[in-house]
Amino acid sequence: MRERIVYLLGIAALVILTWNINAIARLPEETQQGVTFKIIFFHVPMWAAAITAACTALLASVAFLVTKNFKYDALAVAVTEVGLAFTTVGLVTGSIWGREIWGIWWTWDARLTSALVCWLLYGGYLMLRKAIEEPTQRATFSAVFSIFAFLDVPIVVFSIKWWRTQHPQPVFWSGGSFPPDWTHHFLWNMVAMVLLGVVMTSVRLRQEEAQREIDSLRRTAHAL
Amino acid sequence: MAQTITTIKPKEPATQADHRRYSFFRMALVVMLKDLRAELRTKEAINGSFGFAVVILLLFSFAFDPDVDTNKALSGGLLWLVFAFAGTLILNRSFARELPNDCLDALIAAPVSGAALFLGKALANYVLLLAVELVSLPVFGIFYNVHWTHQLSALLLVLALGTWALTVIGTVFSALTVNIKLREVMLPMLTYPILAPALMAAMQLTMPLIAGNAIAPEMMRWLKLLIGFDVMYTAISLFLVETVLVG
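Okay, the overall build of chain B next. Secondary structure summary: chain B contains 9 helices and 0 strands in total. Out of the 247 residues belonging to chain B, those deemed buried represent 49%. The contacts of chain B with a sequence gap of at least 6 include a subset with a gap of at least 24, amounting to 83%. Counting 17 positive and 16 negative side-chain charges, chain B places the averaged centre of each group 9 Å from the other.

Written out as structure tokens, the structure is:
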């Protein structure tokens with residue numbers, strides 16, 4: 001049943017993306033940035049999915065520390081890996097956008113720097129997991145580290161408010177200038193990315209559960 | 001020859017006074033004094049850390065031409081990189097020094113809360129790190145020909161806040177990584193990205209102070225970030241360290 005739901009969600013995400021990419025391609029070019037501006041339909045939803053993943057990882061980590069139930073640890077690692085993938089693509093799309101508009105691939109402003117720090121932190125989380133063999137210790141230490149790492153996420157989100165950055169201010173709120181008739185395409189992409197994140201997390205979660213079963217069987221066989 | 005007879009009194013239940021005597025801060029103080037005494041007897045970490053700080057100061061002089069203007073522009077970044085790298089040597093040993101003879105297990109089994117143990121170790125590391133920094137500062141001034149005492153009180157404030165950030169994160173991650181393989185690799189890999197906001201704030205604030213300028217109003221957000229970082233990570237470390245130590 002769960003697998004069917006995952007397949008359906010995956011198909012829904014692909015259908016929304018295909019329809020929406022087609023619609024976005026037909027939209028007129030933006031007055032200042034031309035066709036390049038359309039990368040916003042992917043760049044921002046990627047980051048929205050990454051931040052959703054970080055929030056879920058935090059909740060799963062806290063839930064593990066409270067309940068000591070390993071399904072939350074599996075969820076935390078699955079969602080962190082998916083979030084890291086979204087963060088990577090978010091950084092790459094941002095870099096491509098920066099190269100086209102600013103003429104440079106990278107600048108050390110607060111938004112970009114804090115986003116890179118976030119990427120390093122969640123990469124560090126996965127490295128930490130690899131460095132600990134005992135499952136309970138691995139889950140506990142990873143959960144603690146995930147809580148520490150999450151504290152960087154508000155800095156990424158609010159950095160453009162707190163400091164003057166080369167990264168532009170939000171175009172959707174605080175008097176932003178995003179064309180209203182483009183908003184629903186943007187929101188559909190947001191939905192598609194989050195759905196894609198849910199599907200990838202579910203697949204990774206299933207792998208993690210299968211790995212846990214294999215480890216358990218191996219321990220039983222070893223004991224016998 | 002008079003025979004002395006000693007009687008063993010039955011142990012009385014802990015009174016309110018005993019409880020006060022071994023209060024949270026008292027226990028933290030005992031752990032801090034133990035760590036400082038152990039370090040001052042061997043001087044392993046503090047000597048290594050100071051030596052490493054001088055080595056980094058030397059190496060940085062090869063990286064750029066150290067004239068007066070460059071020194072003023074780069075001083076904040078350079079100093080905090082020195083403190084962060086040299087500090088790792090002290091922080092790395094904080095919990096690792098308890099591994100021989102299973103001292104760490106004894107400490108965890110002792111009637112000391114994890115938070116008090118952490119606070120005591122953090123305070124000891126703080127004193128050692130500040131000592132290394134306060135000795136490194138004049139050396140930096142001499143090597144790079146910089147008069148760093150113009151805004152001494154503000155510089156000391158930034159030093160105190162930035163060093164606490166280094167200490168808290170370094171100590172809690174020293175506890176986290178003490179029993180894992182590749183500890184020496186994992187500790188810097190995990191601590192430096194977490195420290196990035198605090199180091200950035202400390203560097204931004206130190207730069208004008210070394211140049212002799214007061215903290216400008218637009219720099220106050222960096223000071224707030226540094227204070228916020230210290231408060232937030234101290235609170236969360238005190239809350240989670242018991243889980244890290246006991247599981």
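All right, on to the environment of Tyr192(B) then. All names here are of chain B. Within the element layout of this structure, Tyr 192 appears in helix H8 (residues 183-210). A residue is classified by how much of its surface remains accessible, and Tyr 192, at 22% relative accessible area, is partly exposed. Sequence separation of Tyr 192 and Leu 166 is 26 residues, and the distance between their C-alpha atoms is 9.1 Å. In this structure the side chain of Tyr 192 is engaged in a polar contact, spanning 2.5 Å, whose partner is the side chain of Thr 88.

Residues and elements named next belong to chain B. With 28 residues, H8 should cover 40 Å at 1.5 Å per step; its first-to-last C-alpha distance of 35 Å lies more than 12% under that length. Of all the bends in H8, the largest measures some 55 degrees and sits at Ala 196, one to four residues before the proline Pro 197. Counted residue by residue, H8 has 20 buried out of 28 residues, so it is predominantly covered. Taken from the residues just after H8, Gly 212 is the one with a positive phi, measuring 95 degrees.

On to the nonpolar core, then. The biggest cluster of nonpolar side chains holds 118 residues, and the ones touching the most others in it are Phe145(A), Phe148(A), Trp80(B), Phe173(B), Ile194(B) and Tyr233(B). In contact with Phe148(A), not counting residues within four places along its chain, are Ile169(B), Val172(B), Phe173(B), Ile194(B), Tyr233(B), Ile236(B), Ser237(B) and Leu240(B).

Let us now look at the confidence of the model for chain B. Across chain B, the average pLDDT comes to 86, with 91% of residues at or above 70. Per-element confidence in chain B is highest for helix H7 (residues 152-177) of chain B, whose mean pLDDT is 93, and lowest for helix H1 (residues 16-21) of chain B, whose mean pLDDT is 58.

Once that is clear, we can look at the environment of Glu44(B). Residues and elements named next belong to chain B. Along the polypeptide, Glu 44 turns up in helix H3 (residues 44-63). The sequence separation of Glu 44 and Leu 137 amounts to 93 residues, and the corresponding C-alpha distance is 21 Å. Filtering out sequence-adjacent residues up to four positions away, Glu 44 remains in contact with Glu 39 and Arg 93.

Many descriptions give the size of an interface as the accessible area lost when the pieces come together. On the chain A side, the residues contacting the 26 residues of chain B number 26 residues. Each partner contributes to the roughly 2,400 Å² buried at the junction of chain B and chain A, and carbon and sulfur atoms together form 82% of this total. Of all residues in chain B, Leu176(B), Lys181(B) and Leu240(B) give up the largest surface area on contact with chain A, accounting jointly for 19% of the area buried on that side. Counting the contacts that link chain B with chain A gives 0 salt bridges. Run the count over chain B and chain A and you get 1 residue pair in polar contact (both at pLDDT 80 or more). In terms of residue count, helix H9 (residues 220-246) of chain B provides more of the side of chain B that touches chain A than any other element does, 10 residues in total. Of the residues in the side of chain B that touches chain A, the class split is 20 nonpolar, 4 polar and 2 charged.

Residue and element names in this part refer to chain A. Here Thr 87 is to be found in helix H3 (residues 70-101). Judged by relative accessible area, which is 7%, Thr 87 ranks as buried. Setting aside residues no more than four positions away along its own chain, Thr 87 makes contact with Trp 47, Ala 50, Ala 115 and Trp 119.

Taken as a whole, this structure holds 14 salt bridges over all chains when the rule is applied. In this structure, Glu98(B) engages Lys121(B) in a salt bridge whose closest nitrogen and oxygen atoms are separated by 2.7 Å. Of this pair, Glu98(B) sits in the loop between helix H4 (68-96) and helix H5 (103-109) while Lys121(B) sits in helix H6 (residues 114-143), and the two are 23 residues apart along the sequence. Taken together, the shared-partner salt bridges in this structure form one network comprising Asp73(A), Glu81(A), Arg129(A), Arg204(A), Glu208(A) and Arg212(A).

Attention shifts here to the packing of aromatic side chains. Within a pair of aromatic rings, the relevant descriptors are the distance that separates the centres and the angle that separates the planes. Considering all chains together, one arrives at 15 aromatic pairs over all chains under this definition. Taking 5.6 Å as the distance between ring centres and 75 degrees as the angle between the ring planes, the aromatic pair formed by Trp106(A) and Trp108(A) counts as edge-to-face. For Trp108(A), a relative accessible area of 62% corresponds to the exposed category. Both rings, one in Trp80(B) and one in Phe83(B), keep their centres 5.2 Å apart while their planes meet at 85 degrees; by these two values the pair is edge-to-face. Here the residue Trp80(B) and the residue Phe83(B) both occupy positions in helix H4, the gap between them amounting to 3 residues, near one helical turn. Aromatic rings pair up to connect Phe145(A), Phe148(A), Phe173(B), Phe229(B) and Tyr233(B) into one cluster.

Residues and elements named next belong to chain B. Taken together, the side chains of Phe 52, Val 55, Leu 58, Leu 59, Phe 62, Phe 85 and Leu 89 define a hydrophobic patch exposed on the protein surface, amounting to about 620 Å² of accessible area. Among the elements of the structure, H3 and H4 are those that each provide at least two residues to the nonpolar patch. In terms of residues, the nonpolar patch owes the most to one element, H3, which gives 5 residues. With respect to the secondary-structure elements, Phe 52 resides in helix H3.

What counts as what
Residues numbered from 1 in each chain as written. Chains lettered and ligands numbered in written order. Predicted model: local features only at pLDDT ≥ 70, side-chain atom pairs only at ≥ 80, totals over all residues. Heavy atoms only, no water. Helix = DSSP H or I, 4+ residues; strand = E, 2+ residues; numbered from the N terminus. Buried < 20%, exposed > 50% of the residue type's maximum accessible area, 1.4 Å probe, protein only. Contact = heavy atoms within 4.5 Å. Lys, Arg positive; Asp, Glu negative; His and termini not counted. Charge placed at Lys NZ, Arg CZ, Asp CG, Glu CD. Polar contact = N/O pair within 3.5 Å; in protein donor to acceptor, adjacent residues only side chain to side chain. Expected span 1.5 Å × (residues − 1). Bend = angle between axes of the 7 residues up to and from the residue. Core = buried A, V, L, I, M, F, W, Y, C linked by side-chain atoms within 4.5 Å. pLDDT = per-residue confidence, 0-100. Buried area = accessible area lost by both parts, 1.4 Å probe. Salt bridge = Lys/Arg side-chain N within 4 Å of Asp/Glu carboxyl O. Nonpolar A, V, L, I, M, F, W, Y, C, P; charged D, E, K, R; others polar. Phe/Tyr/Trp six-rings, centres within 6.5 Å; stacked < 30°, edge-to-face > 60°. Patch = residues over 30% accessible without salt bridge, like charges linked within 9 Å, V, L, I, M, F, W, Y side chains within 5 Å. Areas by Shrake-Rupley, 256 points an atom, 1.4 Å probe, with all protein chains shown as cover.

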